[in-house]
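Survey of secondary and tertiary structure
Take a look at the letters that make up each chain.
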Amino acid sequence: AQKITQTQPGMFVQEKEAVTLDCTYDTSDQSYGLFWYKQPSSGEMIFLIYQGSYDEQNATEGRYSLNFQKARKSANLVISASQLGDSAMYFCASPRGGFQKLVFGTGTRLLVSP
Amino acid sequence: GAVVSQHPSRVICKSGTSVKIECRSLDFQATTMFWYRQFPKQSLMLMATSNEGSKATYEQGVEKDKFLINHASLTLSTLTVTSAHPEDSSFYICSARGGRDRTYEQYFGPGTRLTVT
């Protein structure tokens, strides 16, 4: 079974600083992947970044990077140079059932202050 | 590309009535669509998975007779909440797979906020 854990219910960061959002996972699968999504107050789910278990390098997408540590089963999201528009809920998720279904963590609410 | 729309974005209905929510993939063929439910300040919970032309697969604890899902075409899936009650009030989000790029990625619709009075 796939289980995703996000232990930080809320995080605060000042504008222009970097922030790390934690995500740990529990899986017995040999091949798996980790997603991060952003959900602003409007409710839409915005795809940020993906890392596959066999990807050798940590994924990066603009200001987003994934600190993937397989031995620790963690896939933390790093947001560099935070912006006010980054304030939102952030969910870590992983597919199960042959990449069919997504299992989501409980989310972390990020608040970026000026 | 890979845009998913939902309609309506908000709906208020009276207890006992049925509500239909549409999920459309606008620029790709969605072989699989997913329906999620999200209560305030909580995470997304998968309700069901639907593949075009076949019956939906419901998650444990989701009443299939109450939440009717129809995936009639490669671009449209509908969720009908039958005989809605106030406890069905929630945010319903659909997602779709089958985009031309990475097949593991799900593209989410903007969600539908249902309020049952």
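Keep in mind it's a predicted model, so treat the numbers as computed, not measured.

Cut-off values and rules
- Residues numbered from 1 in each chain as written.
- Chains lettered and ligands numbered in written order.
- Predicted model: local features only at pLDDT ≥ 70, side-chain atom pairs only at ≥ 80, totals over all residues.
- Heavy atoms only, no water.
- Helix = DSSP H or I, 4+ residues; strand = E, 2+ residues; numbered from the N terminus.
- Buried < 20%, exposed > 50% of the residue type's maximum accessible area, 1.4 Å probe, protein only.
- Pairing = 2+ DSSP bridges.
- Axes fitted to C-alpha atoms, helices over the stretch in contact; angles between N-to-C directions.
- Contact = heavy atoms within 4.5 Å.
- Phe/Tyr/Trp six-rings, centres within 6.5 Å; stacked < 30°, edge-to-face > 60°.
- Lys NZ or Arg CZ within 6 Å of the ring centre and 35° of its normal.

**Focus: unusual backbone geometry**
In this structure, the amide linkage connecting H7 of chain B to the following residue, P8 of chain B, adopts the cis form with an omega of 0°. Structurally, P8 of chain B can be placed in the loop between β1 (4-7) and β2 (10-13). Backbone geometry places K73 of chain A, a non-glycine residue, at a positive phi of 55°. Since its relative accessible area comes to 31%, K73 of chain A is described here as partly exposed. Despite not being glycine, K41 of chain B has its phi angle at roughly 60°, a positive value. By the element assignment, K41 of chain B lies in the loop between β4 (32-38) and β5 (44-51). Under the relative-accessibility criterion, K41 of chain B is labelled exposed at 78%.

**Digging into the sheet that holds β1 of chain B**
All names here are of chain B. The sheet built from 4 strands is open, its strands ordered β1-β3-β8-β7 with antiparallel pairing. The outermost strands of the open sheet, each flanked by one partner alone, are β1 and β7 (67-73). Neighbour-to-neighbour, the strand axes of the sheet open up by a mean angle of 15°, direction not taken into account.

**Some details on the side chain of T80 of chain B**
Residue and element names in this part refer to chain B. Mapped onto the elements, T80 comes out in strand β8 (residues 76-81). A relative accessible area of 15% places T80 in the buried class. The contact partners of T80, leaving out residues within four places of it in the chain, are S18, V19, K20, K66, F67 and L68.

**Things to note about the packing of aromatic side chains**
Per the stated rule, a full pass over the model turns up 15 aromatic pairs over all chains. Members of the aromatic cluster, joined through ring pairs, are F35, Y37, F47, Y50, F91 and F104 of chain A together with Y36 and F108 of chain B. The lysine or arginine in question, R63 of chain A, covers the ring of Y64 of chain A, its NZ or CZ lying 5.7 Å from the ring centre.

**Regarding the environment of G16 of chain B**
Here G16 of chain B shows up in the loop between β2 and β3 (19-25). Look past the residues within four positions of G16 of chain B in its chain and what remains in contact with it is S83 and A84 of chain B.

**Overview of the pairing of β4 of chain B**
Residues and elements named next belong to chain B. When you tally the buried positions in β4, you get 7 out of 7 residues, the bulk of the element. Residues T32, F34, Y36 and Q38 point to one face of β4 and M33, W35 and R37 to the other, with burial holding for every one of them. Judged from the 7 bridges that link them, β4 and β5 form a sheet pairing that is antiparallel. Pairing of F34 across the sheet is with T49, part of β5. Between β4 and β5, which pair antiparallel in sequence order, lie 5 residues; one of them, K41, sits at a positive phi of approximately 60°. Where β4 and strand β9 (residues 90-97) come together, 7 bridges link them in antiparallel fashion. Opposite T32, over in β9, you have R97 as the bridge partner.

So yeah, pure geometry; function would need other evidence.
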